[in-house]
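Reading the structure
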Amino acid sequence: MATEIFVNLPTSDLERAKAFFTGLGWRINENFTDENAACIVIDEHLYLMILTREFFATFTDKAIADPHTSLQVETAFSRESREGVDAIIEKAVAAGGTEHRDAQDYGFMYARDFEDPDGNLFSAVWMDPVAAEQGPDAYAAQQGQQPGA
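Residues numbered from 1 in each chain as written. Predicted model: local features only at pLDDT ≥ 70, side-chain atom pairs only at ≥ 80, totals over all residues. Heavy atoms only, no water.

Details of the overall build of the protein
In terms of helices and strands, the protein carries 5 helices and 9 strands. For the protein, the sequential pattern of α-helices and β-strands runs β-α-β-β-β-α-β-α-β-β-β-β-α-α. Oriented by its inertia axes, the alpha-carbon framework of the protein measures out at about 55 × 35 × 30 Å. Residue burial in the protein is summarised as follows: out of 149 residues, 40% are buried. (Helix = DSSP H or I, 4+ residues; strand = E, 2+ residues; numbered from the N terminus. Buried < 20%, exposed > 50% of the residue type's maximum accessible area, 1.4 Å probe, protein only.)

Here it is in structure tokens:
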């Protein structure tokens, strides 16, 4: 069995969160969704568990941070192209999210960030296949640039 990743995030409005994430084109696994939680399928082995704040609090004795005012984690996921990065940001904004900051373009890597309506931060990232496999210096060499430039 492949390793699967489940990112657990609190929400103040489960129905709003479900609408937002399905607006990105992701689907809900109804087998693991109820009045306390929704399992959002991003990809074959990548899931978001969106939990009501009250239910989320049962998992820990620590205080639950308010993602509108503090950041504990940024969830990054890859896209197959720069256009794919731009497309998911457009969907996020149309579904009620906000773009967090301007695009970061490093040539070999392109990223844009968005917040969901609860303030949780996500980053959509494209990386050149050469850079992903061999590192940024290999990409620079392919482009005729000095490594690290």
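A short note on the nonpolar core
Ranked by size, the top nonpolar core spans 24 residues in total, and within it Phe21, Leu24, Trp26, Ile40, Leu48, Ile50 and Phe114 carry the most contacts. Those elements giving two or more residues to this core turn out to be strand S1 (5–11), helix H1 (14–23), strand S3 (37–43), strand S4 (46–52), helix H3 (82–94), strand S8 (109–115) and strand S9 (121–127). With residues near it in sequence (within four places) discarded, phenylalanine 21 still touches Trp26, Ile40, Leu48, Ile50, Asp116 and Phe122. Counting residues in each nonpolar core, the second largest holds 7 residues, with Cys39, Tyr47, Leu51 and Phe56 among its members. (Core = buried A, V, L, I, M, F, W, Y, C linked by side-chain atoms within 4.5 Å. Contact = heavy atoms within 4.5 Å.)

What about the pairing of strand S5 (residues 74–78)?
Here S5 shows a buried face lined by Thr75 and Phe77 and an unburied face lined by Glu74, Ala76 and Ser78. Across 5 bridges, the pairing between S5 and S9 is parallel. Across the sheet, serine 78 pairs through a bridge with valine 125, a residue of S9. (Pairing = 2+ DSSP bridges.)

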